[in-house]
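One-letter residues, chain by chain:
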Amino acid sequence: EGKANALLESPTGTGKTLCLLCATLGWLEAKKGQDKANEAEAEGEVERANLFLMGLKESRTIVYASRTHSQLAKVVKELRSTSYRPKTCVLGSRQQMCIHPTVSKIQGNAQ
């Protein structure tokens, strides 16, 4: 909301990631609730179109990135212990996911 940044420093295992993800998911749910309330107040197609054009019905996506797949797996596992159930998608690298014998052996940034 305030478009501010934060720098957090804390030892490993203190719950920084889960805390920030839960706060972000809570904010996302609140924004979606506000959008639905604004839509319910609008009457007729013209008002709904105006709400959309004003940006009240924009798509919101949270992207969480990590250096390793094991870190991603740990975060997804921890997230399951909360009440949040977001749609998740783990994208893998060519090294981990590619089954083509020639392409999987290409090293570096070659595409």
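The rules behind the values
Residues numbered from 1 in each chain as written. Predicted model: local features only at pLDDT ≥ 70, side-chain atom pairs only at ≥ 80, totals over all residues. Heavy atoms only, no water. 1 Å grid on protein atoms, 1.4 Å probe; cavity = no way out; pocket = protein on both sides within 12 Å on 5 of 7 lines; lining within 4 Å. Points joined across faces, edges and corners; volume = space filled by probe spheres on them. Helix = DSSP H or I, 4+ residues; strand = E, 2+ residues; numbered from the N terminus. Nonpolar A, V, L, I, M, F, W, Y, C, P; charged D, E, K, R; others polar. pLDDT = per-residue confidence, 0-100. Buried < 20%, exposed > 50% of the residue type's maximum accessible area, 1.4 Å probe, protein only.

Asks: Help me out: how do you make sense of the layout of surface pockets in this one?
Replies: Rolled over the atoms, a probe with the dimensions of a water molecule shows which regions are left empty. Taken as a whole, the largest pocket holds about 710 Å³ of empty space. If you go around the largest pocket, you meet 23 residues; those closest to its centre are I62, P86, K87, T88 and C89. Only α1 (16–41) and α3 (69–80) provide two or more residues apiece to the lining of the largest pocket. It is α1 that contributes the most residues to the lining of the largest pocket, five residues altogether. For the lining of the largest pocket, the residue count by class is 16 nonpolar, two polar and five charged.

Asks: How should I be thinking about the confidence of the model for the chain in this particular structure?
Replies: The predicted coordinates ought not to be read in detail in places where the model reports low pLDDT. Mean pLDDT for the chain: 77, with 73% of residues reaching 70 or above. Within the chain, α3 carries the highest mean pLDDT (86), whereas helix α2 (residues 44–53) carries the lowest (65).

Asks: In this structure, what is going on with the environment of E78? I would like to understand it.
Replies: In this fold, E78 is placed in helix α3. Using a relative accessible area of 28% as the deciding quantity, one classes E78 as partly exposed. Sequence separation of E78 and L18 is 60 residues, and the distance between their C-alpha atoms is 7.0 Å.

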